[in-house]
Amino acid sequence: QVQLVESGGGLVQAGGSLRLSCVVSGRTFRSFVMGWFRQAPGKEREFVAAISWSGVSTRYADSVKGRFTISRDNAKNTVYLQMNTLKPEDTAVYSCAADSNWGTESTTWAAYDYWGQGTQVTVSL
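This one's a predicted model, so the numbers in the text were calculated from it and none came from an experiment.

Participant: Can you tell me about the pattern of salt bridges, naming the residues and giving the values?
Facilitator: Taken as a whole and assessed by the stated rule, the structure comprises 4 salt bridges. Ionic pairing is found between arginine 38 and aspartate 90, a salt bridge with its closest N-O pair at 2.9 Å. Of this pair, arginine 38 sits in strand E4 (residues 33-39) while aspartate 90 sits in the loop between strand E8 (78-83) and strand E9 (92-99), placing them 52 residues apart in sequence. Given a relative accessible area of 0%, aspartate 90 falls into the buried group. Between lysine 65 and aspartate 62 there is a salt bridge, with the nearest N and O atoms lying 3.2 Å from each other.

Participant: Got a sec to walk through the state of the cysteines? Specific residues and values, please.
Facilitator: In this structure the tally under the stated criterion is 1 disulfide. The side chain of cysteine 22 participates in a disulfide bridge whose partner is cysteine 96; the two sulfur atoms lie 1.9 Å from each other. Between cysteine 22 and cysteine 96, the S-S torsion sits near 50°, and that sign places the bridge as right-handed. Remark: cysteine 96 occurs in strand E9 and cysteine 22 occurs in strand E3 (residues 18-25); sequence separation between them is 74 residues. Neither residue differs from the other here; cysteine 22 and cysteine 96 are each classed as buried.

Participant: Give a detailed account of the nonpolar core, specifying residues and quantitative values.
Facilitator: Met34, Trp36, Leu81, Met83 and Tyr94 are the most contacted members of the largest nonpolar core, which has 36 residues in total. Of all the secondary structure elements, the ones that give two or more residues to this core are E3, E4, strand E5 (46-51), strand E7 (68-73), E8, E9 and strand E11 (119-124). In contact with tyrosine 94, other than residues within four places in its own chain, are Glu6, Leu20, Trp36, Phe37, Arg38, Val48, Phe68, Leu81, Met83, Gly118, Thr119 and Val121.

Participant: I'd like a rundown of the sheet that holds E8, residues and numbers included.
Facilitator: Read across the open sheet, the 4 strands follow the order E1-E3-E8-E7; overall the sheet is antiparallel. The sheet terminates laterally at strand E1 (3-7) and E7, the two strands that pair on one side only. On average, adjacent strands in this sheet sit at an angle of 15° to one another, irrespective of strand direction. Of the strand pairs in this sheet, E1 and E3 are connected by 5 bridges, and their pairing is antiparallel. If you follow leucine 4 over to E3, its bridge partner there is valine 24.

Criteria and thresholds
Residues numbered from 1 in each chain as written. Predicted model: local features only at pLDDT ≥ 70, side-chain atom pairs only at ≥ 80, totals over all residues. Heavy atoms only, no water. Salt bridge = Lys/Arg side-chain N within 4 Å of Asp/Glu carboxyl O. Helix = DSSP H or I, 4+ residues; strand = E, 2+ residues; numbered from the N terminus. Buried < 20%, exposed > 50% of the residue type's maximum accessible area, 1.4 Å probe, protein only. Disulfide = S-S within 2.5 Å. Core = buried A, V, L, I, M, F, W, Y, C linked by side-chain atoms within 4.5 Å. Contact = heavy atoms within 4.5 Å. Pairing = 2+ DSSP bridges. Axes fitted to C-alpha atoms, helices over the stretch in contact; angles between N-to-C directions.

Take a look at the structure:
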């Protein structure tokens, strides 16, 4: 059983920063492609960022490029999302996801087979 647990969400003013963490347990983390997705009220879930198993390759949504950074520490079974220069439109529930099927850094939520419960990020004006 694979478990993903996110932390680090909260309330921050526009222009501020937050770092989300996602700890994975239950299987070999280092073989997973990891992704972050978000969902705002009344909107569909959307891709934010993804990282290869080695950490060498990353992919970002255009809306967060240059502001967010995804990284991973395979020794700690953890993936991070550093979020800088936050905007009110970044407000959403952020979830991490794992692709255990040796895929690439997919932007499609259906490619991921394990999900965390999500953490709320609220950005105020």
